[in-house]
Amino acid sequence: MGIKCLSLHKKWMNMSVIEKVGADKKRFIDLLLLADEQESMIDRYLDRGELFVSHGPDGGPTCVAVVTDEGNGVCELKNIAVVPSCWRKGYGRQMIEYLCRRYGCDFLFMMVGTGDSRQTVSFYEHCGFSYSHSLPDFFTLNYDHPIVEGGKVLRDMLYFRRRIASCTVVRDAVRTEALLDQLLRLWKASVRATHHFLIGDDVARLAPVVRQALASVAHLAVAWHAKRPVGFVGIEGRKIEMLFVAPTCLGCGFGRALADLAIREYGCSLVDVNANNQPAEGFYRHLGFEPFERSETDDQGNPFPHPQDETAIVRSGRRTHAGHACSVPVEATKSSRALAVASG
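As the structure is a computational prediction, the values presented were derived from the model and not from experiment. (Residues numbered from 1 in each chain as written. Predicted model: local features only at pLDDT ≥ 70, side-chain atom pairs only at ≥ 80, totals over all residues. Heavy atoms only, no water.)

**Thoughts on the overall build of the protein chain**
Then, number 1: The secondary structure content of the protein chain amounts to nine helices and 17 strands.
Then, number 2: Within the protein chain, the fraction of its 344 residues that count as buried is 49%.
Then, number 3: Taking the intrachain contacts of the protein chain between residues at least 6 apart in sequence as the baseline, contacts between residues at least 24 apart amount to 67%.
Then, number 4: Carbon together with sulfur atoms contributes 52% to the accessible area of the protein chain, which is approximately 17,000 Å² in total. (Helix = DSSP H or I, 4+ residues; strand = E, 2+ residues; numbered from the N terminus. Buried < 20%, exposed > 50% of the residue type's maximum accessible area, 1.4 Å probe, protein only. Contact = heavy atoms within 4.5 Å. Areas by Shrake-Rupley, 256 points an atom, 1.4 Å probe, with all protein chains shown as cover.)

**What about the packing of helix 3 (residues 91-103) against helix 4 (residues 118-126)?**
Then, number 1: Taken N-terminus to C-terminus, the directions of helix 3 and helix 4 make an angle of 45°; their axes are 11 Å apart at the nearest point. In terms of orientation, helix 3 and helix 4 fall into the oblique class. Here helix 3 and helix 4 pass one another in a crossing that is right-handed. Contacts between helix 3 and helix 4 involve Gly 92, Arg 93 and Ile 96 from the first element and Phe 123, Tyr 124 and His 126 from the second. (Axes fitted to C-alpha atoms, helices over the stretch in contact; angles between N-to-C directions. Parallel < 35°, antiparallel > 145°, perpendicular 65-115°, else oblique. Left-handed = near helix turned anticlockwise from the far one by under 90°.)

**A few points about the side chain of Thr 120**
Then, number 1: With respect to the helices and strands, Thr 120 occurs in helix 4.
Then, number 2: Residue class for Thr 120 comes out buried when judged on its relative accessible area of 18%.
Then, number 3: Within the local environment of Thr 120, its side chain forms a polar contact with the side chain of Glu 149, the two groups lying 2.4 Å apart.
Then, number 4: Beyond its immediate chain neighbours, meaning those up to four positions away, Thr 120 contacts Thr 114 and Glu 149. (Polar contact = N/O pair within 3.5 Å; in protein donor to acceptor, adjacent residues only side chain to side chain.)

**Description of the layout of surface pockets**
Then, number 1: In this structure, the largest pocket encloses a volume near 1,700 Å³.
Then, number 2: What lines the largest pocket is a set of 49 residues, and nearest its centre among them are Ile 80, Thr 120, Phe 123, Tyr 124 and Glu 149.
Then, number 3: For the lining of the largest pocket, the element with the highest residue contribution is strand 5 (residues 74-82), accounting for seven residues.
Then, number 4: For the lining of the largest pocket, the per-class residue count stands at 25 nonpolar, 13 polar and eleven charged. (1 Å grid on protein atoms, 1.4 Å probe; cavity = no way out; pocket = protein on both sides within 12 Å on 5 of 7 lines; lining within 4 Å. Points joined across faces, edges and corners; volume = space filled by probe spheres on them. Nonpolar A, V, L, I, M, F, W, Y, C, P; charged D, E, K, R; others polar.)

**Here we look at the pairing of strand 13 (residues 228-236)**
Then, number 1: By the criterion of burial, strand 13 is predominantly enclosed, with eight of the nine residues buried.
Then, number 2: Two successive antiparallel strands, strand 12 (residues 219-225) and strand 13, enclose a turn made up of two residues, where Ala 226 displays a positive phi of approximately 55°.
Then, number 3: Between strand 13 and strand 14 (residues 239-245), which pair antiparallel one after the other, the connecting turn spans two residues, and Gly 237 there sits at a positive phi close to 60°. (Pairing = 2+ DSSP bridges.)

**So, unusual backbone geometry**
Backbone phi values are negative for most residues with the exception of glycine, while trans is the configuration of most peptide bonds.
Then, number 1: In this model, Asn 72 sits at a positive phi of 55°, which is unusual for a non-glycine residue.
Then, number 2: With respect to the helices and strands, the residue Asn 72 is situated in the loop between strand 4 (61-71) and strand 5.
Then, number 3: Residue class for Asn 72 comes out exposed when judged on its relative accessible area of 79%.
Then, number 4: Despite not being glycine, Asp 137 shows a phi value in the positive range, around 60°.
Then, number 5: Following the sequence through the fold, Asp 137 ends up in the loop between strand 7 (130-135) and helix 5 (138-142).
Then, number 6: Its relative accessible area of 25% is what places Asp 137 among the partly exposed residues.

**What to know about helix 3**
One turn of an α-helix holds 3.6 residues; hence residues three or four places apart share an orientation.
Then, number 1: Between its first and last C-alpha, helix 3 extends 18 Å over 13 residues, near the 18 Å set by a 1.5 Å rise per residue.
Then, number 2: For helix 3, the complete set of buried residues consists of Tyr 91, Gly 92, Gln 94, Met 95, Ile 96, Tyr 98, Leu 99, Cys 100 and Tyr 103. (Expected span 1.5 Å × (residues − 1).)

**What about the environment of Met 242?**
Then, number 1: Tracing the backbone shows Met 242 in strand 14.
Then, number 2: A relative accessible area of 3% places Met 242 in the buried class.
Then, number 3: For Met 242 and Val 271, which are 29 residues apart along the polypeptide, the C-alpha to C-alpha distance reads 8.6 Å.

**Side note on helix 2 (residues 39-46)**
Then, number 1: Among all positions of helix 2, only Met 41, Ile 42, Tyr 45 and Leu 46 are buried. The buried residues of helix 2 occupy an angular sector of 130° when projected down its axis, which confines them to one face.
Then, number 2: Of the surrounding elements, those touching the buried residues of helix 2 are helix 1 (29-35), strand 4, strand 5 and helix 5. (Arc of directions from axis to C-beta.)

Following this line, the structure appears as structure tokens:
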């Protein structure tokens, strides 16, 4: 069963049906060889990968692609080839956008490897990929003949990466015991990865307080990706009381999605950040928050994290439409403000 996709490319409007091919993948070998000209190399990934084919208005194939699961939230575009008569009509980019949407529900990043060809590199950069790393002498060591593109003999494999992760944010999540346990584990992993000012048994000592806060905060929204929670935000009044993202998902946009929800749907304009948590401060500044107050103690009047440390809590407000920083106090939750917020 195919999915119809519309692609507007310059003066062409192309309607294609993209389908996943389950059996007899080798019938498309001639097209696959356009992008990877040694069949034994294609055999390394074709069986374990998923093959997709787009068909043009006349029903003929226009583009093929193979994607593999490389583990740790990464999929790889192993092969993408466009029928020569369909070049420069947007079919390649159309396929990539479709694959990014399809795999974004289960993967964080898509990788693609290519030779040092300016034309090919430019294509992937225009498709949203950025340079990641290189494998020296990949083509000379793995192919039985020189691979030439654009008059240049290829040697190294250049890898590019694009963030494709998408999440579903559930507002006012039903707080089952199982969900609270999952979110507490997420919190522990997040603070251990980002809150380096915590020492000793701080995390274990604060865990019961955080679990109670998760159960009692007025509003709790949870971000889900690949059928698991990857972040959450707790809201009380107009204040973000807690925002955490799984460490493996930092930089994937989940924290931004949660913060945007808090601002847009709940009118949040206040947040507290530990002064030692510079990434979190930068995250909120980017969202329009500005510091307006500094406190040496947490909600319970205790120095945090440790009396001997030079730490403080920076209270920030987001500018209103009138251009003034909001500093309206709101009722605090039972959670410690010093541990309430982490960027994501």
